[in-house]
Every structure is written in structure tokens, then in C-alpha cells.
Amino acid sequence: MTVHFIGAGPGAADLITVRGRDLLAASPVCLYAGSLVPEELLAFCPPGARLVDTARLDLERIVGEMVAAHRAGRDVARLHSGDPSVFSAVAEQMRRLDTAGVPYDVTPGVPAFAAAAAALGREFTVPGVAQTVVLTRIAQRATPMPPGEDLATLGAARATMVLHLAVQHIETVAADLTGRYGADCPVAVVARASRADELIVRGTLADIAARVRDAGIVRTAVIVVGAALTAEQFPDSHLYSAARCRD
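Here the structure is a predicted model, which is why all the values come from computation and not from measurement. Sequence order as written defines the numbering, with residues in each chain counted from 1. pLDDT decides what is reported in this predicted model: residues at 70 or higher carry local features, side-chain atom pairs at 80 or more are listed and counted, and totals for whole chains, interfaces and linings draw on all residues regardless. Water and hydrogen atoms play no part in the side-chain values, which are based on all heavy atoms of the structure.

**Student:** Please set out the packing of aromatic side chains residue by residue, giving values where relevant.
**Tutor:** Side-chain rings of Phe, Tyr and Trp (the six-membered ring for Trp) are treated as a pair once their centres are within 6.5 Å; stacked means planes under 30 degrees apart, edge-to-face means over 60, and tilted covers the remaining angles. Throughout the structure, instances matching the rule amount to one aromatic pair. Taking the centre distance of 5.9 Å and the plane angle of 75° together, the rings of F5 and Y104 count as edge-to-face. Here F5 is found in strand 1 (residues 3–7), whereas its partner Y104 is found in strand 5 (residues 104–107), with 99 residues between them in sequence. Exposed residues in this analysis have more than 50% of their type's maximum accessible area, buried residues have under 20%, and partly exposed residues fall in between, with area computed by a 1.4 Å probe over protein chains only. Classification of F5 as buried rests on a relative accessible area of 0%. Residue Y104 is classed as partly exposed on the basis of its relative accessible area of 26%. To qualify as a helix, a DSSP run of H or I must reach at least 4 residues; to qualify as a strand, a run of E must reach at least 2; elements of each kind are numbered from the N terminus.

Quick look at the structure:
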């Protein structure tokens, strides 16, 4: 058997990949975070599948479910919101599966920052404005950030920055980044990107905290900071330039 770590996407059930959907349909056991993964995805599970909501389970109980399925010869679909490559806590699950001798693979999903960009109708890498995207979070109520990964340091390049798991501390984020980006730097907060109740709040580092509080956003949101959000005057990309096409 195999544990399939599957990126369920940012929220909309139809944004799961075809591969992820097919693996889900072929796995008699499904572990999913009920607070983050849309229940509509469970309709793809085979009849009689064992469905385990991991929202209130600790790591040992989650891995225990996987090991038990392995011993019974049953494949496991382990659904994670967004994409497993960032802020998914799959690393510690994989480490324990390696120790237990349980095989696994990973199917990527649409990440939350990509869904946010789509919702905003913006490209985060704009020629002459920003060519780097920083994906990060803050340390509040989570494991500490490694040395050198504080917001002030990461913001030195003024690249497009996307913060996960930080909207409850939007005031701290705005204060830490103002010195690097300036108070008038554009900011957008996208809550529940791709879902029917998606909500977008736009502003600047000077006023975004108040706007987010007024909107009542407290979770399931990403914060996007940077000039790419409002850039209008920028050179065309070399990718489709006439000179390149002549070559």
C-alpha cells in the first residue's frame, strides 16, 4: 500500500488536480483536515471508505491511522489544503513513515498564494517591478522562525511577499514591514480564496490592519504585500518580445 499526500487546493473542490482526484477515488482510507478541506471532495472517495477527520487528532494518532492502514494493505489518501510543499506539516509525517517503513508519494496541489493571485487578477512577478516572491509566515502561536527569517530581514529586497497564517496579527505584520516597504505600499488580504465566500480587502501598510478588522477576517487568509499589486507602468516581458521571436 501507499500513503498518498495530496494537495487538495485552496478551497474550491474543483481545483484539485485530476491525479489527486483519481488517487482519492482509489483509496479506501482518507485522512483529511475537516476545518480546511472542503467536504465536497469526500464525494470522490470510494463507497465504504474510512473517512478520518484529523482536525482534532495529534500527530501520533494521524500516523497511527496510516500505519494501521499499511498493515491492513489499504492505500491512504492524506488530503492537505493547498499544496503540500509549504506550511503543510508533511515533513514530520514523512519522517515517521520512513521510520515505520511505510511508503508514500506526493501529489501537488494549487497553492493558496496562486489562488490569491487569481482572485486579485494580478501577476506577482511584474517586469521591472518584482521578480521574486517570498512565501513566509510569522512566529506568533507557532514554531519560532529561524534566525534571519524575520519580516524586517526578508523585506529588505522589497519583493512581493505573501504571508500565510498571519492575518490574526496583521498589525504586527504592517508595523514590521513599513520600514522596508513604506507606509504607502499596497497590500491585499484574500480570505477563503477560490471559495464561494471569498473576500478581498485592499489597502496600504498604513491602513490594512483597520480594514481587515472591519471586514472581520481572522483566519484562512493570505496577506500579499508589494508594488506588483498595483503596477501599471512596466516594460513588456522579453518572453514574447518581437526581438526574441525573430531569433
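**Student:** Could you give me a rundown of the sheet that holds strand 1, with the residues and numbers involved?
**Tutor:** Here five strands make up an open sheet; going across it, the order is 3-2-4-1-5 and the pairing parallel. Taken across any chain shown, the strands that pair with only one partner, and hence form the sheet edges, are strand 3 (50–53) and strand 5. Taking the axes of each pair of neighbouring strands and ignoring which way they run, one obtains an average angle of 20° across the sheet. For two strands to be treated as a pair, DSSP must find no fewer than two bridges joining them. Two strands pair when backbone bridges link them, and strand 2 (residues 29–32) and strand 4 (residues 76–80) are joined in this way by four bridges, in the parallel orientation. Each bridged residue has a counterpart across the sheet, and for Y32 the counterpart in strand 4 is L79. Geometry is summarised by axes, namely lines fitted to C-alpha atoms with helices restricted to the contacting stretch, and by angles between N-to-C directions that run from 0 to 180 degrees.

**Student:** Now, about the environment of P144: what can you tell me, with residues and values included?
**Tutor:** Note on placement: P144 falls in the loop between strand 6 (133–136) and helix 5 (151–154). Contact partners of P144, with chain neighbours within four places excluded, come to R137 and A139. Contact criterion: two residues are considered in contact whenever any of their non-hydrogen atoms come within 4.5 Å of each other.

**Student:** Describe the pattern of salt bridges, and please don't skip the residues or the numbers.
**Tutor:** For salt bridges, the criterion is a side-chain nitrogen of Lys or Arg within 4 Å of an Asp or Glu carboxyl oxygen. All chains considered together, the criterion is met by seven salt bridges. The residue R50 makes a salt bridge to E65 at a minimum N-O spacing of 2.7 Å. Of the two residues, R50 is situated in strand 3 and E65 in helix 2 (residues 59–71); the sequence distance between them amounts to 15 residues. E65 gets classed as buried once you look at its relative accessible area, which sits at 19%.

**Student:** How would you summarise the pairing of strand 4 if you had to cite specific residues and measurements?
**Tutor:** Two faces belong to every sheet, and in a regular strand the side chains alternate between them. The element strand 4 is extensively covered by neighbouring structure, given that five of its five residues are classed as buried. In the sheet, strand 1 pairs with strand 4 via five bridges, with the strands oriented parallel. If you follow H4 over to strand 4, its bridge partner there is A77.

**Student:** Outline helix 4 (residues 112–120), listing residues and values.
**Tutor:** Within helix 4, the full set of buried residues consists of A115, A116, A117 and L120. One or two positions beyond helix 4, positive phi appears at G121, with a value near 65°.

**Student:** I'd love a proper account of the nonpolar core, names of residues and values included.
**Tutor:** Of all hydrophobic cores here, the largest spans 26 residues; its most connected members are L163, L177, V189, I223 and V225. Elements with a minimum of two residues in this core: strand 7 (160–163), helix 6 (170–181), strand 8 (186–191), helix 7 (208–215) and strand 10 (221–225). Broken down by element, this core gets its largest block of residues, five residues, from helix 6. Leaving out residues up to four positions away in the same chain, L163 has contacts with T136, I138, L151, V173, L177, A221, V222, I223 and V225. Formed by 16 residues, the second largest nonpolar core is a distinct cluster that contains V3, F5, V63 and V90. We call a set of buried residues a nonpolar core when its members are Ala, Val, Leu, Ile, Met, Phe, Trp, Tyr or Cys and they connect through side-chain atoms within 4.5 Å of each other.

**Student:** Tell me what's going on with a nonpolar patch on the surface, and back it up with residues and numbers.
**Tutor:** Two joining distances apply to patches: 9 Å for like charges and 5 Å for nonpolar side chains (Val, Leu, Ile, Met, Phe, Trp, Tyr), and every residue must have over 30% relative accessible area and no salt bridge. Accessibility throughout is a Shrake-Rupley quantity obtained with a 1.4 Å probe, and a residue counts as covered only by protein chains that appear here. Among the surface-exposed residues, F87, V133, L135 and L165 lie close enough to one another that they form a single nonpolar patch of about 330 Å² accessible area. Looking at the element boundaries, V133 is found in strand 6. A relative accessible area of 31% means that V133 is categorised as partly exposed.

**Student:** Go over the side chain of H4 with me, naming the residues and quoting the values.
**Tutor:** With respect to the helices and strands, H4 occurs in strand 1. Each polar contact in these results corresponds to two N or O atoms within 3.5 Å; when the atoms are within protein, one needs to be able to donate a hydrogen and the other to accept it, and residues that are neighboring in sequence are counted only if both atoms are side-chain atoms. A polar contact of 2.8 Å, which involves the side chain of H4, links it to the side chain of D105. Those residues within four positions of H4 in sequence are excluded, and the remaining contacts are L23, S27, D75, V76, A77, R78 and D105.

Spatial relationships are all this shows, so hold off on functional conclusions.
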